[in-house]
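Below, each chain spelled out in residue letters.
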Amino acid sequence: MPLLDANATHPITLPDGTVYRDTVYLKAVVDHPRMEIGDYSYFTHSGKPEDRAQVLAPYLGHACRERLVIGKFVQIARGSYFITSSANHPMAGFTTYPFRIFKPETFGYKDLPVKDTVVGHDVWIGHGATIMPGVHIGSGAIVAAASVVVRDVPPYAIVGGNPAGIIRMRYSIETINELLDIAWWDWPLDKIEANLGALESGDLEALKMA
Ligand SMILES: CC(C)(COP(=O)(O)OP(=O)(O)OC[C@H]1O[C@@H](n2cnc3c(N)ncnc32)[C@H](O)[C@@H]1OP(=O)(O)O)[C@@H](O)C(=O)NCCC(=O)NCCS
């Protein structure tokens, strides 16, 4: 039996047979015109699965212009969320009060620039992280618990703190480039599972032969 089921809402069944309801595959529960979620990306949180989009990106309304794009195999821990572009109040003038959001006929600051927030593949976002508007997080990155990510994160970097800085790179630049070329997250699931040993042990030569 395959280890993963891309269509599951609750992908984790505990050893005693109970389904672990706090972890959900986002793709199964998020129906939002400004969010794109890849297969197998999960978010752990208590509460109703259908509320996950609101918890994950509390300021991303359906009418917003920016997008939140999350790749495949992304792991998002409890308490983490994305503050997206439309959360910004106008700052160019003498007041930040958002006078124009209160009535339908004036709603929206169409002149304010917005930026998409993009998370690559196989990114681990630790407990209670905040991702600020427009940030791009490269594949294979790790965001340390309680970090506030204000700048782009290179692939396979570990970032932490507020503002989050690079703690270290996980691999050499050569290995990172090889891993990005291999892009195992795009393989069919049976190929991923057949090469799990190489993936989990960090055997680059075996992955290249796969
Ligand atoms: C990022 C993380 C993976 C690093 O683990 P590690 O490699 O074992 O790191 P270390 O404990 O050796 O710390 C390395 C450095 O990072 C710093 N660091 C670790 N966690 C940090 C954090 N959350 N914020 C800021 N800095 C952090 C350490 O202070 C240390 O700094 P130093 O080298 O200046 O002393 C881990 O600290 C973390 O945040 N894990 C997330 C756990 C989690 O949230 N789980 C939720 C369920 S999935």
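What comes next is a walk through the structure. (Residues numbered from 1 in each chain as written. Predicted model: local features only at pLDDT ≥ 70, side-chain atom pairs only at ≥ 80, totals over all residues. Heavy atoms only, no water.)

**Considerations on the environment of S172**
Item 1. With respect to the helices and strands, S172 occurs in the loop between β14 (165-169) and α3 (173-182).
Item 2. Judged by relative accessible area, which is 34%, S172 ranks as partly exposed.
Item 3. Between the C-alpha atoms of S172 and W187, which are 15 residues apart in sequence, the distance is 23 Å.
Item 4. Only 3.1 Å separates the side chain of S172 from the side chain of T175, close enough to count as a polar contact. (Helix = DSSP H or I, 4+ residues; strand = E, 2+ residues; numbered from the N terminus. Buried < 20%, exposed > 50% of the residue type's maximum accessible area, 1.4 Å probe, protein only. Polar contact = N/O pair within 3.5 Å; in protein donor to acceptor, adjacent residues only side chain to side chain.)

**Structural notes on a nonpolar patch on the surface**
Item 1. A cluster of nonpolar side chains, contributed by Y97, F99, I101, F102 and F107, occupies part of the molecular surface with about 550 Å² of accessible area.
Item 2. Relative to the helices and strands, F107 resides in the loop between β6 (81-82) and β7 (117-119). (Patch = residues over 30% accessible without salt bridge, like charges linked within 9 Å, V, L, I, M, F, W, Y side chains within 5 Å. Areas by Shrake-Rupley, 256 points an atom, 1.4 Å probe, with all protein chains shown as cover. Salt bridge = Lys/Arg side-chain N within 4 Å of Asp/Glu carboxyl O.)

**With respect to the packing of aromatic side chains**
Item 1. Using the criterion set out here, one finds seven aromatic pairs in the structure.
Item 2. Ring centres 4.9 Å apart and planes at 50° place the aromatic pair F73 and W184 in the tilted group. Here F73, found in the loop between β4 (68-70) and β5 (75-76), pairs with W184, found in the loop between α3 and α4 (189-194); they are 111 residues apart in sequence, far enough to count as distant.
Item 3. Take F73: its relative accessible area is 11%, and that puts it in the buried class.
Item 4. Seen from their ring centres, Y97 and F102 are 5.7 Å apart, and the 10° between their planes marks the pair as stacked.
Item 5. Judged by relative accessible area, Y97 falls into the partly exposed class, the value being 43%.
Item 6. Chaining the aromatic ring pairs together yields one cluster made of Y25, Y40, F73, W184 and W185. (Phe/Tyr/Trp six-rings, centres within 6.5 Å; stacked < 30°, edge-to-face > 60°.)

**Remarks on the pairing of strand β13 (residues 157-160)**
Item 1. Side chains A157 and V159 of β13 all project onto a buried face; the interleaved residues I158 and G160 project onto the opposite face, where all are buried too.
Item 2. In the sheet, strand β11 (residues 142-143) pairs with β13 via two bridges, with the strands oriented parallel. Bridging across to β13, I142 finds its partner in I158.
Item 3. Note that β13 and β14 share four bridges and pair antiparallel. Residue pairing in the sheet places I158 in a bridge with R168 of β14.
Item 4. Hairpin connection, β13 to β14: the antiparallel pair is bridged by four residues, and G161 has positive phi, about 95°. (Pairing = 2+ DSSP bridges.)

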